[in-house]
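If you want the building blocks of each chain, they are given just below.
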Amino acid sequence: TLKWVNYNIPGDKMDKIKQTLLHYNDLDHEVIKLTNTAYLIDNNYIIKQYDDFNMLIKNIKIFNLLYQEGIPVSKIIKTKDEKDYITLDDTYYFMYEKLKGESIKEIKDGSSLDYLMGETIALLHVALKNIESKEEFYHNSLLGELSGWIKESFENSNYKYICYKTISISQA
């Protein structure tokens, strides 16, 4: 039996998660809605929902490539028939392990944690550089977007909260 902790889940969504779990194992689980497209299962797994098949495949590929590079990413859980994902009514689902750990609330200056985080981010950058040739990533410039479509969107909607005379945005 499923124990639904967050009752803000519509009946049709509950049915989809039940159907999804049947592809992995039995239905004896505690399910918590994290977002409209993510569900925590027994505090150990996450089921992620996608409407865009290409995005699903890309994310699964990135998970696997980062894992091959030694980055501590979640392990994708295979279905009973050894697939990475399932399809239900033009919607796609895959399950992965929830990484162990806890949220960091505060980092004190000079702690070993700040050094470890910097080291981990550096390793992630190296891994992403290594897999660039295997997967196309979206490259963007925040400053470029601020001075481009975001500024244009604000101007077109007559948004009054930004004074363009006092704030100048330059591209790096």
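This write-up is about the structure you can find in this document. (Residues numbered from 1 in each chain as written. Predicted model: local features only at pLDDT ≥ 70, side-chain atom pairs only at ≥ 80, totals over all residues. Heavy atoms only, no water.)

**Concerning the overall build of the protein chain**
We count it as follows: Secondary structure counts use DSSP, requiring at least four H or I residues in a row for a helix and at least two E residues in a row for a strand, with both numbered from the N terminus. Contacts are assigned to residue pairs with any non-hydrogen atoms lying within 4.5 Å of each other. Each accessible area value is a Shrake-Rupley result obtained with a 1.4 Å probe; residue values ignore everything except the protein chains displayed when judging cover.
Assigned secondary structure in the protein chain consists of 4 helices and 7 strands. Starting at the N terminus and ending at the C terminus, the protein chain contains elements arranged as β-α-β-β-β-α-β-β-β-α-α. Intrachain contacts of the protein chain at a sequence separation of at least 6 include 57% that bridge at least 24 residues. As displayed, the protein chain offers around 12300 Å² of accessible surface, 53% of which is attributable to carbon and sulfur atoms.

**Remarks on the nonpolar core**
Soluble, globular proteins show a tendency: their nonpolar side chains are buried together. This is how it is decided: In this description, a nonpolar core means a group of buried Ala, Val, Leu, Ile, Met, Phe, Trp, Tyr and Cys residues linked to one another through side-chain atoms lying within 4.5 Å. Any residue under 20% of the maximum accessible area for its type is buried, any over 50% is exposed, and the rest in between are partly exposed; the area is computed with a 1.4 Å probe on protein chains only.
Within the largest apolar cluster, 23 residues are counted, with the highest numbers of intra-cluster contacts made by I17, L21, I47 and F94. Listing elements by their share of this core, those giving two or more residues are helix 1 (11–22), strand 3 (38–41), strand 4 (45–50), helix 2 (53–68), strand 5 (76–77), strand 6 (86–88) and strand 7 (91–97). Sort the elements by how many residues they give to this core and strand 7 lands first, with 5 residues. Core analysis: the second largest hydrophobic core is formed by 7 residues, L65, L66, V73 and I131 among them.

**Structural notes on the packing of aromatic side chains**
We apply this condition: Here a Phe, Tyr or Trp ring, Trp counted by its six-membered ring, pairs with any other such ring whose centre lies within 6.5 Å, and the pair is stacked when the planes are under 30 degrees apart, edge-to-face when over 60, and tilted otherwise. When the NZ atom of lysine or the CZ atom of arginine is within 6 Å of a ring's centre and also within 35 degrees of its normal, the charge is said to sit over that ring.
Inspection of every chain in the model, using the stated rule, returns 7 aromatic pairs. Ring geometry for Y50 and F94: centres 5.9 Å apart, planes at 25°, overall stacked. With Y50 in strand 4 and F94 in strand 7, this residue pair connects regions lying 44 residues apart in the sequence. Judged on exposure class, the residue Y50 and its partner F94 are both buried. An angle of 75° between the planes, with centres 6.5 Å apart, marks the rings of Y85 and Y92 as edge-to-face. Members of the aromatic cluster, joined through ring pairs, are Y50, F63, F94 and Y96. The ring centre of Y50 lies 5.3 Å from the NZ or CZ of K48, which sits over that ring.

**Let's talk about the pattern of salt bridges**
Put simply, the test is: In the sections that follow, a salt bridge refers to a side-chain nitrogen of Lys or Arg positioned within 4 Å of a carboxyl oxygen of Asp or Glu.
Scanning all chains against the criterion turns up 2 salt bridges. With a shortest N-O distance of 4.0 Å, D81 and K83 are connected by a salt bridge. Taking the relative accessible area as the measure of exposure, D81 reaches 47% and is therefore partly exposed.

**Quick look at the environment of L123**
Note on placement: L123 falls in helix 3 (residues 112–131). Placed 54 residues apart in sequence, L123 and E69 show a C-alpha to C-alpha distance of 9.3 Å.

**A closer look at the pairing of strand 3**
This is how it is decided: Two strands qualify as a pair provided DSSP detects at least 2 bridges between them.
A two-sided burial pattern is seen for strand 3, the buried positions comprising A38 and L40 on one face and Y39 and I41 on the other. The pairing of strand 2 (residues 29–35) with strand 3 spans 4 bridges and is classified as antiparallel. Its bridge partner lying in strand 3, T35 is registered against A38. The pairing of strand 3 with strand 4 spans 4 bridges and is antiparallel. When the sheet's bridge partners are listed, L40 is paired in strand 4 with I46. Counting the residues between successive antiparallel strands, the hairpin from strand 3 to strand 4 contains 3 residues, one of them, D42, with a positive phi of roughly 55°.

**Some thoughts on the side chain of K33**
Relative to the elements of secondary structure, K33 occurs in strand 2. Accessibility expressed as a relative area gives 18% for K33, which makes it buried.

**Here we look at the environment of N43**
Definition in use: The definition of a polar contact used here is a pair of N or O atoms within 3.5 Å, where within protein one atom must be able to donate a hydrogen and the other to accept one, and adjacent residues in sequence count solely through side-chain atom pairs.
Along the chain, N43 falls in the loop between strand 3 and strand 4. Each C-alpha atom of the pair N43 and H29 lies 9.6 Å from the other, and the pair is 14 residues apart in sequence. Among the polar contacts made by the side chain of N43, one reaches the side chain of K98 at a distance of 3.0 Å.

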